Amino acid sequence: MADDFTREFPTTPPGSGPDPDRRGRTSSGPDPDRRGRTYDDGGVRYRGGSFDPAGDESTRSFDFGPDDFQQSRRPRGRRPQRLAPKRERRPAWFRIGRALAIVVVVVLAATGIVRAAYGGKALPGTTIGGESVGGQDRAAITDTVERLASGDRRIRMSTPRGTLQVTAGGAGLDADVAATVDRALSARRGSFFSPLISLVHGKNVPLEAEVDSTKLKASVKRIAQAVDKKPYAGALNIDPQTLKVRTSTSKAGRAVDQPKLTKLLRKALLHPTDKTIAAPVETTQAVSDAGVQKVATQARAYLKSSVKFTGAGKTYTASPSTIAPLLALESVNDGRAARLGVDTAVLSKLTARVANARNRTAKSAKITAPARGPILDGKDEVPQSPKAAKVTVTSEGHSGLAVQVPALNQKVRAAIKSGSHSIAVPTKTTAAPVSKTSAKKIDHVIGTFSTAYIAGQPRVTNIQHIAAAIDGTIIAPGQQFSLNGIAGERTKAKGYVEAPFIAGNKIQPSVGGGVSQFSTTMYNAAYFAGLQIDAHQPHSLYITRYPAGRESTLNWPDIDMKWTNDTSTPILIRTYADDAGVTVTLYGDNGGRKVTATPGDHTPNTAPGGNFDITVTRTIRYPDGRVVKQPTTTKYYDEVTDGGPPQE
């Protein structure tokens, strides 16, 4: 066909010369009258060409009809060229539609490929806490989420104090790992084309979690406490001798913006990141230099006169040198302002001196009674009832006067702020603990007990010392007796000496050793008086001179023997200690209480190193018919070292 090859034609059109089939031959040239004309040769149309007499070649165009090819005569030795066909131009809407169709096909194909490639996996660009999980399956994502959701994950914050850290769990994070993993796997799958979008636009998935507001606020508060710094308002430095006043410059402070930090920390909990959070900190301004100098001027003016404490007897005068250490620059509004105030520690010392100079202790009525009452030293079942006794009130008590120190402190502060140099001391009258009227109601021995010892032992010296310290004590109704509180610490300065003492089931020397015998004697006297026993501790080792289960050790300051006067009458304590033993007698009126001590059997103590257990029951019978039983069980152990019997 004509489209499958290139034909060469002579320059002479058909019918004007030799046979047209003689291709490539020359002729005498075209007929000038035929230029531009069209010839039809067997269904092939020709269009006349032109001849260039100056050259050795002529060019003629030929029209091949429906094939619409352009043919040029070529120079010798060159291959013929095929001319491009002329095509009809499609409409614009057709071309646009075809392009869109191609795009849709490509997008659909790409989306399908992405969906297939990431089935059961997170889509590309998916991150959790800034960590990429794209292409990971459920197991791998779970590992990542568990690490990010761990309560031990640390969140760093940069502060003026340096980098601080809090744990996610401590800040209140409670994450749902499974829900977060599901969220990561479903990210960007909301629409058909979303997976394809994930290739160019990723998705950061937050932790599916809750934050405990209470824990979060507590963490923020701890951070603020570590970072916050109050403004320094400055200070006064006063020389007590010269009264020269110097000042220290104020300094600005800082404070964490807690609401902002709460938001930042919550975001860091739900959106984990390796970045360090910058804690929002604000600067808080301090008092100006002019404000500090104003306070200094006020201090100089105040030190020109002494301060007089009036009332409560003789006037107490404090000189400017005494007042100088008291004056101080007092911070106001967290250091943003300042005023003339006082140094709290110096104020306490000053008002204590004033109080000591003005206080007067109230005294109870003076009472006399026999130092040694009836002897009771039973170890087995023992009954005891009140016995009439001769008690004499020899003098009335008197009221006391007490300076109200807290109120005085406030008055001193107010005087300095106002510039006043006269202060009225506030006082309060205190009644005598035991008046003469109430003392006259003491008419019975309500409890007594005696224990023996061997004369000449160092421990006897200690027993006699503590007995003397307690003798004559009066316990008012409702008041508590404390053996340690009245006797105080046993020291050599008080006359106590070293003697055997039980510690950890071992016998060892200690200053004041042996005083537990007096504690045991006091315990039994209160026991048989039917009084309320508040504190006592038996020995860990059994000592034969004491009634088993009815004894009490003593040690400063942790082991005490206490009881409360739960009667309506004061109780007078008399003690008596000679070379044979010590006796404690309690005088008062317990309303006729009758007490019986009933010891149980000795049962083996099966604990390691155990000796025996015993339960002693105190039975109190009241005049109104009430009966109260109070069992007490004591466990005894063996001494842990070899030697003689316990001596304490």
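Refer to the structure presented above.
Student: For this particular structure, what's the right way to read the packing of aromatic side chains?
Tutor: The way to describe two aromatic rings as a pair is by their centre distance and the angle between their planes. Within the structure shown, the criterion is met by eight aromatic pairs. Each ring, one from Tyr 527 and one from Phe 528, has its centre 5.3 Å from the other, and the planes form 75°; the classification is edge-to-face. Phe 528 shares its class with Tyr 527; the two are buried. Judged by centre distance (5.4 Å) and plane angle (75°), the rings of Tyr 542 and Phe 612 are edge-to-face. Placement of the pair is Tyr 542 in the loop between strand S31 (532–535) and strand S32 (562–564) and Phe 612 in strand S37 (residues 610–621), with a sequence separation of 70 residues. By relative accessible area, which is 8% here, Phe 612 ends up buried.

Student: How do you make sense of the packing of helix H5 (residues 213–227) against helix H6 (residues 258–270) when you look at a structure like this?
Tutor: Two elements in contact, H5 and H6, have axes separated by 10 Å at closest approach and are oriented at 120°. For the element pair H5 / H6, the angle class is oblique. Judged by the sense of rotation from one axis to the other, the crossing of H5 with H6 is right-handed. For the pair H5 and H6, the contacting residues are Ser 213, Leu 216, Ser 219, Val 220, Lys 221, Ile 223 and Ala 224 in the first and Gln 258, Leu 261, Thr 262, Leu 265, Arg 266 and Leu 269 in the second. Partitioned by chemical class, the residues of the contact of H5 with H6 number seven nonpolar, four polar and two charged.

Student: Just to check I follow, could you spell out unusual backbone geometry for this structure?
Tutor: The general pattern is negative phi for most residues beyond glycine and trans for most peptide bonds. A cis amide bond, omega -5°, links Trp 556 with the succeeding residue Pro 557. Looking at where Pro 557 falls in the secondary structure, it is placed in the loop between S31 and S32. Unlike most non-glycine residues, Leu 243 shows phi in positive territory, near 60°. Within the element layout of this structure, Leu 243 appears in the loop between strand S10 (235–238) and strand S11 (245–248).

Student: Would you take a moment to explain the nonpolar core for this structure?
Tutor: Soluble globular proteins: nonpolar side chains tend toward being buried together. Of all hydrophobic cores here, the largest spans 42 residues; its most connected members are Phe 518, Met 522, Trp 563, Ile 573 and Leu 586. Of all the secondary structure elements, the ones that give two or more residues to this core are strand S26 (444–452), helix H12 (458–470), helix H13 (483–487), helix H14 (516–528), strand S33 (571–577), strand S34 (581–588), strand S35 (594–599) and S37. With sequence-adjacent residues up to four places away left out, Phe 518 is seen in contact with Ile 463, Ile 466, Ala 467, Ile 470, Leu 483, Thr 575, Val 582 and Val 584. If you look at the next biggest cluster of nonpolar residues, it comprises 32 residues, including Leu 329, Leu 347, Leu 408 and Val 425.

Student: What is the right way to look at H5 in this model?
Tutor: Because each turn of an α-helix spans 3.6 residues, side chains separated by three or four positions end up pointing in the same direction. For H5, with 15 residues, the first-to-last C-alpha span of 21 Å sits near the 21 Å given by 1.5 Å per residue. The complete set of buried residues in H5 reads Leu 216, Ser 219, Val 220, Ile 223, Ala 224 and Val 227. Down the axis, H5 shows its buried residues gathered within 140° of arc, on one side only. For H5, the exposed residues lying more than 90 degrees away from the buried face are Thr 214, Lys 217 and Gln 225. On its buried face, H5 is in contact with strand S5 (154–159), strand S6 (162–167), strand S9 (209–211), strand S12 (253–256), H6 and strand S14 (281–284).

Student: Help me out: how do you make sense of a negative patch on the surface in this one?
Tutor: A cluster of acidic side chains, namely Asp 174, Asp 176, Glu 210 and Asp 212, defines a negative patch on the protein surface. One can find Asp 174 in strand S7 (residues 173–175). Its relative accessible area of 53% is what places Asp 174 among the exposed residues.

Student: I keep staring at the pattern of salt bridges and nothing clicks. Help me out?
Tutor: Pairs may arise between side chains of opposite charge once their charged atoms sit close together. All told, the structure shown has 12 salt bridges when counted by the stated rule. The residue Glu 131 makes a salt bridge to Arg 147 at a minimum N-O spacing of 2.7 Å. Of the two residues, Glu 131 is situated in strand S4 (residues 131–132) and Arg 147 in helix H2 (residues 138–148); the sequence distance between them amounts to 16 residues. Its relative accessible area of 45% is what places Arg 147 among the partly exposed residues. Among the ionic pairs, Asp 578 bridges to Arg 372, the shortest N-O distance being 3.7 Å.

Student: Looking at this structure, I do not really get a positive patch on the surface. What am I missing?
Tutor: A surface patch of like charges, here positive, comprises Arg 89, Arg 90, Arg 95 and Arg 98. Using a relative accessible area of 71% as the deciding quantity, one classes Arg 89 as exposed.

What counts, and where the lines are drawn
- Residues numbered from 1 in each chain as written.
- Predicted model: local features only at pLDDT ≥ 70, side-chain atom pairs only at ≥ 80, totals over all residues.
- Heavy atoms only, no water.
- Phe/Tyr/Trp six-rings, centres within 6.5 Å; stacked < 30°, edge-to-face > 60°.
- Buried < 20%, exposed > 50% of the residue type's maximum accessible area, 1.4 Å probe, protein only.
- Helix = DSSP H or I, 4+ residues; strand = E, 2+ residues; numbered from the N terminus.
- Axes fitted to C-alpha atoms, helices over the stretch in contact; angles between N-to-C directions.
- Parallel < 35°, antiparallel > 145°, perpendicular 65-115°, else oblique.
- Left-handed = near helix turned anticlockwise from the far one by under 90°.
- Contact = heavy atoms within 4.5 Å.
- Nonpolar A, V, L, I, M, F, W, Y, C, P; charged D, E, K, R; others polar.
- Core = buried A, V, L, I, M, F, W, Y, C linked by side-chain atoms within 4.5 Å.
- Expected span 1.5 Å × (residues − 1).
- Arc of directions from axis to C-beta.
- Patch = residues over 30% accessible without salt bridge, like charges linked within 9 Å, V, L, I, M, F, W, Y side chains within 5 Å.
- Areas by Shrake-Rupley, 256 points an atom, 1.4 Å probe, with all protein chains shown as cover.
- Salt bridge = Lys/Arg side-chain N within 4 Å of Asp/Glu carboxyl O.
- Lys, Arg positive; Asp, Glu negative; His and termini not counted.
- Charge placed at Lys NZ, Arg CZ, Asp CG, Glu CD.

The quantities given are spatial measurements derived from coordinates; they are silent on function.
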